[in-house]
Amino acid sequence: MSIFNLEKMVGTIDKLSTSLDVMLCCKDSEGGQEILETCEQLDSLIMSFDDQISILKDALIKEKNARQSSFQRQLDELKTIEERCNHMIVYIQLNTELETQQYNQNHEIKEFKGNNSNNMANISMSPVPKWKDGHSLSENTIHHTTMSNGTIMSNSMLGQSLKSQAAKQVLDIPLLKSVNNDEMDSVPKYMKGRLTSLNVNVVIDGINIALENKYEILQKPRNLLKKKDQDIYNTWKIQQNDVGQGQYFVTADDISRFGETKVDKTTLNIIPILRHLKRLKESRTGGFVYYIPY
């Protein structure tokens, strides 16, 4: 490919100037032939001059395109850096909130254990109930059962717990399983950042609570619900038509309402991890985002 040569262009202009001088100075008959030759040289020089201009234009266009491409590449890199910085800010805020929440939970557990120890002492010191003739206990006597985890429950509380578990079994709600450390190791670094399995399981617990409470309301007759529950009941039925009959799902509003989990930017950053680990799927219909358990 031809390369623009500035020195050649200058030489061409000098020759053109010389030829003009010769043409103006020639007055005899022999000068006429020389003028014709000079004109031919001028035509050749002009064509060469045009070629040099075309080469210069092509060089300028290529330089312009190269600069634009370099600028766009640098702009893309800056956008990537900005996104990473935003993720780092979100993860720092999430870790701070979760550490505070974990500290509060540990503190509550210690208080519960202390109260539980006091209750054990009170039970051991309680008087032995009197037996009636039929070897039956008095109606006012409270029976206690020690659970496998050391928690003491009255028979009435145990019955309520069993009823609750039976109701969940009837509903057969597909709850999300907790995430372990091995699964978190399989998540790409760019996706999880500084998140841990503890962070992800907090969101999973919120989604599970929302599922249980939501479908506990849906199984009740509508006329027995409170006014506020009737309104949301109607909304759920409309959404169910969008998602599909028989499909369990929750929305961000459901999680905030029942799951005691704030659906903010941090929570939304954990959703891709749950999709990657096949804990839930997303369905976008009618302007809503539905979270569907696997």
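Scroll up to find the structure this text is about.
One structure accompanies this document, and this report is about it. The structure displayed is predicted, hence computed values, not measured ones.

### Concerning the packing of helix H6 (residues 197-218) against helix H9 (residues 265-276)
Line of reasoning, step 1. At their nearest, the axes of H6 and H9 sit 10 Å apart, and the two run at 90° to each other. Regarding the angle of H6 to H9, the classification is roughly perpendicular. Only Thr 267, Ile 270, Ile 273 and Leu 274 of H9 make contact with H6, whose side of the interface consists of Asn 199, Val 200, Val 203, Ile 204 and Ile 207.
Line of reasoning, step 2. In terms of residue class, the contact of H6 with H9 is made up of seven nonpolar, two polar and no charged.

### Comments concerning the nonpolar core
Nonpolar side chains in soluble globular proteins tend to be buried together.
Line of reasoning, step 1. With 35 residues, the main nonpolar core has Val 200, Ile 207, Ile 273 and Leu 274 as its most contacted residues.
Line of reasoning, step 2. When residues of this core are traced back to their parent elements, those giving at least two are H6, helix H7 (227-243), helix H8 (252-258), H9 and strand E4 (288-293).
Line of reasoning, step 3. Sort the elements by how many residues they give to this core and H6 lands first, with nine residues.
Line of reasoning, step 4. When sequence neighbours within four positions are dropped, the list of residues in contact with Ile 273 reads Met 184, Val 187, Met 191, Lys 192, Leu 195 and Val 200.

### A word on the pairing of strand E3 (residues 280-285)
Each regular strand displays side chains that alternate between the two surfaces of the sheet.
Line of reasoning, step 1. The pairing of E3 with E4 spans six bridges and is classified as antiparallel. Within E4, the residue paired with Leu 280 across the bridge is Pro 293.
Line of reasoning, step 2. In this antiparallel pair of consecutive strands, E3 and E4, the connection spans two residues, and Gly 286 shows a positive phi of 60°.

### Points about the packing of aromatic side chains
Line of reasoning, step 1. Within the structure shown, the criterion is met by four aromatic pairs.
Line of reasoning, step 2. Look at Trp 236 and Phe 258: their rings are 6.0 Å apart centre to centre, the planes differ by 45°, and that puts the pair in the tilted class. One end of the pair, Trp 236, is in helix H7; the other, Phe 258, is in helix H8, and 22 residues separate them in sequence.
Line of reasoning, step 3. Trp 236 gets classed as buried once you look at its relative accessible area, which sits at 2%.
Line of reasoning, step 4. According to the relative accessible area criterion, Phe 258 is buried, its value standing at 15%.

### What to know about the pattern of salt bridges
Line of reasoning, step 1. Taken as a whole and assessed by the stated rule, the structure comprises seven salt bridges.
Line of reasoning, step 2. Here Arg 279 and Glu 183 are joined by a salt bridge, their closest N and O atoms 2.8 Å apart. Of the two residues, Arg 279 sits in the loop between H9 and E3 while Glu 183 sits in helix H4 (residues 181-185), which places them 96 residues apart along the sequence.
Line of reasoning, step 3. Ionic pairing is found between Asp 254 and Arg 257, a salt bridge with its closest N-O pair at 3.4 Å. With Asp 254 and Arg 257 both in helix H8 and three residues apart, this pair spans about one turn of that helix.

Definitions and cut-offs
Residues numbered from 1 in each chain as written. Predicted model: local features only at pLDDT ≥ 70, side-chain atom pairs only at ≥ 80, totals over all residues. Heavy atoms only, no water. Axes fitted to C-alpha atoms, helices over the stretch in contact; angles between N-to-C directions. Helix = DSSP H or I, 4+ residues; strand = E, 2+ residues; numbered from the N terminus. Parallel < 35°, antiparallel > 145°, perpendicular 65-115°, else oblique. Contact = heavy atoms within 4.5 Å. Nonpolar A, V, L, I, M, F, W, Y, C, P; charged D, E, K, R; others polar. Core = buried A, V, L, I, M, F, W, Y, C linked by side-chain atoms within 4.5 Å. Buried < 20%, exposed > 50% of the residue type's maximum accessible area, 1.4 Å probe, protein only. Pairing = 2+ DSSP bridges. Phe/Tyr/Trp six-rings, centres within 6.5 Å; stacked < 30°, edge-to-face > 60°. Salt bridge = Lys/Arg side-chain N within 4 Å of Asp/Glu carboxyl O.

Interpretation in functional terms is not warranted from these geometric data alone.
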